[in-house]
Amino acid sequence: MKAVTGVNKLTKKTSSINITPWLFIGPHLLIFLIFFLVPIGFGIYISFTEWDLISQPDFVGLANYKEILFNHDSIFYEQFQTGLKNTFLFVLFAVPFCILVPLFLATALHAKPKFWKIFQSLFYMPSLFAISAVVIIWKLMFDVTYGPINHLFQLNTLWLRNQPYAWVSLVIVTVWWTIGGNMVIYQAALNGIPKDYYEAADIDGASGMQKFLKITLPSMKSQILYTVVLTTISQFNVYGQPLMLTGGGPTNSTRVLLMNIQQNAFGSGQSIAGIASAMAIILGVCIMAVASLQFFFLRDKK
Amino acid sequence: MGFKLLPIEWVTTNYVELLSDNTSTPLLRWFLNSLVISVSHTLLVLTVVSLSAFAYSRLEFKGKKMLFSFLMGTMMFPAVVNLIPLYKIIDTLDWVNSPLAMIVPGAASVFNIFLVRQFMSNIPIEFDEAARIDGANDFQIFSKIILPLIKPVLLVVSLFAFTGSWNDFLWPSIVFSDIEKMPITPGLQLLQGMYQSQPTLLMAGAFVAIVPTFVLYLFAQKYFLESMSLSSGVKG
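Residues numbered from 1 in each chain as written. Chains lettered and ligands numbered in written order. Predicted model: local features only at pLDDT ≥ 70, side-chain atom pairs only at ≥ 80, totals over all residues.

1. Concerning the overall build of chain A
Tallying secondary structure elements over chain A gives 15 helices and 2 strands in all. Radius of gyration (C-alpha) of chain A: 25 Å, far over the 19 Å computed for a compact globule of 302 residues. With respect to the principal axes defined by its C-alpha atoms, chain A has extents near 70 × 70 × 40 Å. Evaluated residue by residue, chain A yields a buried proportion of 35% over its 302 residues. Counting only contacts in chain A whose residues sit at least 6 apart along the sequence, the fraction spanning at least 24 positions is 67%. (Helix = DSSP H or I, 4+ residues; strand = E, 2+ residues; numbered from the N terminus. Rg over C-alpha atoms; globule rule 2.2 N^0.38 Å. Buried ≥ 20, exposed ≤ 12 C-beta atoms within 10 Å, placed from the backbone. Contact = placed C-beta atoms within 7 Å.)

Rendered as structure tokens:
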């Protein structure tokens, strides 16, 4: 503190407030205010309005929420119910594999098999690809006539146009795309476990499985919690895969809520931004609720 | 015709055909748009983040703790709520179909500030004090002493910023309707609609879109693999 007073002579003269720190944080705060704080407040407000994105929003109170939550005859009720249900189903199907597959691969790589560095890069790299490129690649893989998958397994499956194959395809693509991030977190966690734990277990005659369940998993608990919560949050925002891979089909069974939100607010025809905002807010509340529940049940209880 | 694992014939005509179509699917144009957007976004993030992380880590001012906790708290707010109102703000600024719509808003992120601030807290405060005694001001301490020392974490932030911006899909598909102006990710969606029956052309397009992040990975592999453990708070 002593040093600071010596330096800022200029500002000291005019006022007792030191403006230098505000020059440092100012640029971020300005961007944060305009592109984060204001939109959030505005977003909550427009969910209580009837609005077409162009004219003045018309305050309608809770009407949008009533419409999508309770009005059984409304098309938006239907959209919301199916969309939210499908989003939850996707999270339920995808998240366990997005955790287990990277965990398995990280454990396998940790044994340092031959060429493990090459495999590590192969597993990691898809997470750096854009989702639209990923889907184009996989749409070809799943193709019924010239797709390698049907060819390899001698199948004639219409992967993207039948259930449950459509869900299976979406989960496969999502897992392939997201392995990298969680895998390297687990690898780092595995590296951090002291070797003597395993040596002690060896002396006691523990089996490989026992060591994994009693030493490895408990030691990675905080990383697993972190990845479960973050993976769940990001999978709730699923959009690109169903949009480009299944188009939301067959018969809307993979049409997720974000697709309906996007369609209502920005699709062709008149924008129904008020209803779409209400949907977005409920989705946001669901995300926060699920993440908090996970955090509550998975954290270290002492 | 039987199935072959390797292509029957290697050709470059797919790329020639794709790159020469300049009207409905200007792939080269999209690629350049993406490049301009991602590079500018990365530079903006680096500037904004290193400046404010410095203040939150090493300068004293009224309300610093409260402000920083508030910023951290907003991180748990789901981004999906922002989508529609943010579009309105972009529209008001007349940034629809402008690269600015993708360059600026992402710089509001708090996560990177947290990351860089953590890294800075490991640099001894004596460095600053010694420089102050020599007559350096806050800006000189920032640029001459701290900035060179935080290069590793800034590299990680750059990788996040660049790949995040390059791969963003939902947001650009909302703020770009002009085919000439859009980046490559929503472009590929148009490509998919246009060349549904020509898988080789589609694959060529997808390949062009993943080249930059792929090359980046080859050069900064170590940082990519360490970045995730850095962000999850685990030391590798």
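2. Some remarks on the nonpolar core
In this structure, Ala130(A), Ala133(A), Val134(A), Ala276(A), Met279(A), Ala280(A) and Val157(B) are the most contacted members of the largest nonpolar core, which totals 123 residues. With 12 residues, helix H9 (residues 165–191) of chain A is the single largest residue contributor to this core. Residues contacting Ala133(A), with those up to four places away along its chain left out, are Leu188(B), Ala206(B), Ala209(B) and Ile210(B). (Core = buried A, V, L, I, M, F, W, Y, C linked by C-beta atoms within 7 Å.)

3. What about the interface of chain B and chain A?
In this assembly, 61 residues from chain B lie in contact with 61 residues from chain A. Elements with a minimum of two residues in the side of chain B that touches chain A: helix H2 (27–58), helix H4 (83–92), helix H7 (125–133), helix H9 (151–167), helix H10 (170–175), helix H11 (184–194) and helix H12 (199–231) of chain B. The leading source of residues in the side of chain B that touches chain A is H12(B), at 14 residues. Classifying every residue of the side of chain B that touches chain A gives 40 nonpolar, 15 polar and 6 charged. (Nonpolar A, V, L, I, M, F, W, Y, C, P; charged D, E, K, R; others polar.)

4. Remarks on the environment of Leu29(A)
Residues and elements named next belong to chain A. Tracing the chain through its elements places Leu-29 in helix H3 (residues 20–46). Under the C-beta neighbour-count criterion, Leu-29 is labelled partly exposed, with 17 such atoms within 10 Å. Considering only alpha carbons, one finds Leu-29 and Gln-235, 206 residues apart in sequence, at a separation of 29 Å.

5. Details of the confidence of the model for chain A
Residues with a pLDDT of 70 or more make up 94% of chain A, whose mean pLDDT is 89. Here residues 1–14 of chain A scores under 50 on pLDDT; set against residues more than four positions off or in separate chains, the count is 14 contacts. (pLDDT = per-residue confidence, 0-100.)

6. Examining unusual backbone geometry
Residue and element names in this part refer to chain A. Across the junction of Gln-163 and Pro-164, the peptide omega takes the value 5°, indicating a cis bond. In this model, Gly-249 is joined to Pro-250 through a cis peptide bond whose omega is -10°. Examined against the element boundaries, Pro-250 turns out to sit in the loop between helix H13 (240–246) and helix H14 (257–266). Here Asn-252, not a glycine, exhibits a phi torsion of approximately 60°, which is positive. Within the secondary structure, Asn-252 sits in the loop between H13 and H14.

7. Looking at the environment of Ala55(B)
Along the polypeptide, Ala55(B) turns up in helix H2. In this structure Ala55(B) comes out as buried when scored by C-beta crowding, with 25 C-beta atoms within 10 Å. Along the primary structure Ala55(B) and Asp138(B) are separated by 83 residues, whereas in three dimensions their C-alpha atoms are 9.3 Å apart. With sequence-adjacent residues up to four places away left out, Ala55(B) is seen in contact with Pro21(A), Phe24(A) and Ile25(A).

8. Description of the packing of H2(B) against H9(B)
For any two helices packed against each other, the geometry comes down to the angle between their axes and how far apart the axes lie. All names here are of chain B. For the pair H2 and H9, the least separation of the axes is 8 Å and the interaxial angle reads 145°. H9 is crossed by H2, and the crossing has right-handed handedness. Facing Ser-34, Ile-37, Ser-38, His-41, Thr-42, Val-45, Leu-46, Val-49 and Ser-50 of H2, the residues of H9 in contact are Leu-154, Val-157, Ser-158, Ala-161, Phe-162, Ser-165 and Trp-166. Counted by class, the contact of H2 with H9 contains 9 nonpolar, 7 polar and no charged residues. (Axes fitted to C-alpha atoms, helices over the stretch in contact; angles between N-to-C directions. Left-handed = near helix turned anticlockwise from the far one by under 90°.)

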